[in-house]
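A structural walkthrough
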Amino acid sequence: MTTSFAEMKPGLRIGLASLAVTGSIAAVLAFGLPVRAQDSNPVLAKVNGQEIRQSDVAIAEEELGPSLQQMDPAARKDNILAFLIDMKIVAKAAEDKKVDNTDEFKKRLAFTRNRLLMDSLLSSEGKAATTDDAMKKVYEEASKQITGEQEVHARHILVETEDEAKAIKAELAKGADFAELAKKKSKDPGASDGGDLGFFTKEQMVPEFSAVAFALEPGKISDPVKSQFGWHIIKVEEKRNRTAPPFDQVKSQIETYVTRKAQADYVAKLREAAKIERMDKPEETAKSDSKPDTTAPAAKPSDSKMAPPAKK
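Presented here is an overview of the structure given in this document. Nothing here was measured: the structure is a model prediction, and the numbers come from that model.

Examining the pairing of strand β3 (residues 150–159)
With nine of its ten residues buried, β3 lies for the most part within the structure. Bridge analysis of β3 against strand β6 (residues 230–241) gives ten bridges, and the strand direction is antiparallel. Of the residues in β6, the one forming a bridge with L158 is H232. For β3 and strand β4 (residues 196–200), the ladder comprises three bridges, and the chain directions are antiparallel. From the neighbouring strand, V152 faces β4, where its bridge partner is F200.

Printed below as a string of structure tokens:
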């Protein structure tokens, strides 16, 4: 499992309320009347006497939210509540028809229950693992790996043929502006930015491109370079030693990484302790039944690393 501090560009590179209490409260208490706190989980609707509360809407929003992202909050809440009302009505009709007594329903209910149990437990394990100390440890280890690695800031113009690339090189030799030519003639998605690729490491580009870009001095322009994407003219703007971004800038990436790794490790631990029988693959069952040699030292697991993603 890997993650990266790097931001990729398209083309080459491989988200209390406070309670105001006044003096009048004394009068209420004097008469012995109860002081009621605001209901944090109000009833929003009733369907044949069955309540639908704010907490029901919140749960449904987790499932339906992605399909309603374009709506404003008020419209989204109204749509979800309408869905829950319809769901209550149809679910009651299904009960009346004894749908819940069918084998198909029971199988799906069992699957959904197991899935919910799994998701709930893994969510708890993931949250428990994402401590500040754990995240900072991952950040420090990743920082050591990338600090000092060379990066190049370059622009490029991408065309279909070598002849087109040679013609562009000739225009540049006569003083044409690289960024303007990139906007007009490059077929790369980053053409609108003047062919700007930002900073990248060798591993973040296809080999043919990296070999030339890292060999060029800042301010120099390459001859035509062939890659799987076409023909490139490359201009190196700047070179530097890579540094890790601030922790707060990549905290969300690290949190996701730590969460997923903790969940994967937890599942692996449970799987190791379980007796698994594959009836469709008896050979796998035989392997799982074989016990490791307890006299030999256990192999040390490789460290999980945050690394740049594979190049395209």
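Once you've had a look at it, read on.
Observations concerning a nonpolar patch on the surface
Taken together, the side chains of V99, F105 and L109 make up a nonpolar region of the molecular surface, amounting to roughly 240 Å² of accessible area. Turning to its location among the elements, L109 is positioned in helix α4 (residues 103–129).

Structural notes on the sheet that holds β4
With respect to topology, four strands assemble into an open sheet ordered β4-β3-β6-β5, the strand pairing being antiparallel. Edge positions in the sheet fall to β4 and β5 (225–227), since each of these pairs with one other strand and no more. Here the strands of the sheet are splayed against their neighbours by 40 degrees on average, with no regard to which way each runs. As paired elements, β5 and β6 share three bridges and run antiparallel to each other. Across the sheet, K226 pairs through a bridge with W231, a residue of β6.

As for the packing of helix α6 (residues 162–173) against helix α7 (residues 178–185)
Each pair of packed helices gets described by two things: the angle between the helix axes and the distance between those axes. For the pair α6 and α7, interaxial distance at closest approach is 10 Å and the crossing angle is 150 degrees. Relative to α7, the element α6 is oriented roughly antiparallel. The interaxial crossing formed by α6 with α7 has right-handed handedness. Residues I168, E171 and L172 of α6 pack against F178, L181 and K185 of α7. Residue composition of the contact of α6 with α7, grouped by class: four nonpolar, no polar and two charged.

Brief notes about the environment of A262
Among the structural elements, A262 can be located in helix α9 (residues 247–273). Once the C-alpha coordinates of A262 and E125 are considered, the two residues, 137 residues apart in sequence, prove to be 6.9 Å apart. Residues in contact with A262, not counting those within four places in the same chain, are E125 and A129.

A look at the packing of aromatic side chains
Per the stated rule, a full pass over the model turns up three aromatic pairs. Relative to F247, the ring of Y139 has its centre 5.4 Å away and its plane inclined at 85 degrees; by these criteria the two rings are edge-to-face. Here Y139 is found in helix α5 (residues 132–146), whereas its partner F247 is found in helix α9, with 108 residues between them in sequence. Given the relative accessible area of 16%, Y139 is considered buried. Judged by its relative accessible area of 16%, F247 falls in the buried class. Through a chain of ring-to-ring contacts, three or more aromatic side chains come together here, namely F200, F209 and F214. The ring centre of F199 lies 3.5 Å from the NZ or CZ of R240, which sits over that ring.

Description of the side chain of S186
You can see S186 is positioned in the loop between α7 and β4. Among the residues examined, S186 registers a relative accessible area of 11% and is labelled buried. A distance of 3.0 Å separates the side chain of S186 from the backbone nitrogen of L158, its partner in a polar contact. Excluding residues that lie within four positions of it along the chain, S186 makes contacts with H156, I157, L158, L181 and A191.

About the thresholds
- What you see as residue numbers is a count from 1 along each chain, following the sequence as written.
- Totals for whole chains, interfaces and linings use every residue, but because this is a predicted model, local features are given only for residues with pLDDT of at least 70 and side-chain atom pairs only at 80 or more, for both listing and counting.
- Excluding hydrogens and water, the side-chain figures rest on all heavy atoms present in the structure.
- We call a residue buried when its accessible area falls under 20% of the maximum for its residue type, exposed when it is over 50%, and partly exposed in between, using a 1.4 Å probe and counting protein chains only.
- Counting from the N terminus, the helices are the DSSP runs of H or I reaching at least four residues and the strands are the DSSP runs of E reaching at least two.
- Paired strands, in this sense, are two strands between which DSSP finds at least two bridges.
- Patch criteria: residues need more than 30% relative accessible area and no salt bridge. Like-charged residues are merged within 9 Å; nonpolar side chains of Val, Leu, Ile, Met, Phe, Trp and Tyr are merged within 5 Å.
- What sets the accessible areas is the Shrake-Rupley method with a 1.4 Å probe; for residues, cover comes only from the shown protein chains.
- Every case where a carboxyl oxygen of Asp or Glu lies within 4 Å of a side-chain nitrogen of Lys or Arg is listed as a salt bridge.
- The axes used here are C-alpha line fits, helices contributing only the stretch in contact, and every angle between their N-to-C directions lies in the interval 0 to 180 degrees.
- In this scheme, roughly parallel covers angles under 35 degrees and roughly antiparallel covers those over 145, while 65 to 115 is roughly perpendicular and the rest are oblique.
- Note on convention: the crossing is left-handed when the near helix lies turned anticlockwise from the far helix by less than a right angle, right-handed when the turn is clockwise.
- In what follows, a contact means two residues having at least one pair of non-hydrogen atoms within 4.5 Å.
- Residues were grouped as follows: Ala, Val, Leu, Ile, Met, Phe, Trp, Tyr, Cys and Pro as nonpolar; Asp, Glu, Lys and Arg as charged; and all remaining residues, including Gly, as polar.
- The aromatic pairing rule takes the rings of Phe, Tyr and Trp, using the six-membered ring of Trp, and pairs them if the centres are within 6.5 Å, calling planes under 30 degrees apart stacked, those over 60 edge-to-face and the rest tilted.
- By the criterion adopted, a ring carries a charge over it if an Arg CZ or a Lys NZ lies within 6 Å of its centre and within 35 degrees of its normal.
- Side-chain atoms alone can form a polar contact between residues adjacent in sequence; in general such a contact is a pair of N or O atoms within 3.5 Å, and within protein one must be able to donate a hydrogen while the other accepts it.

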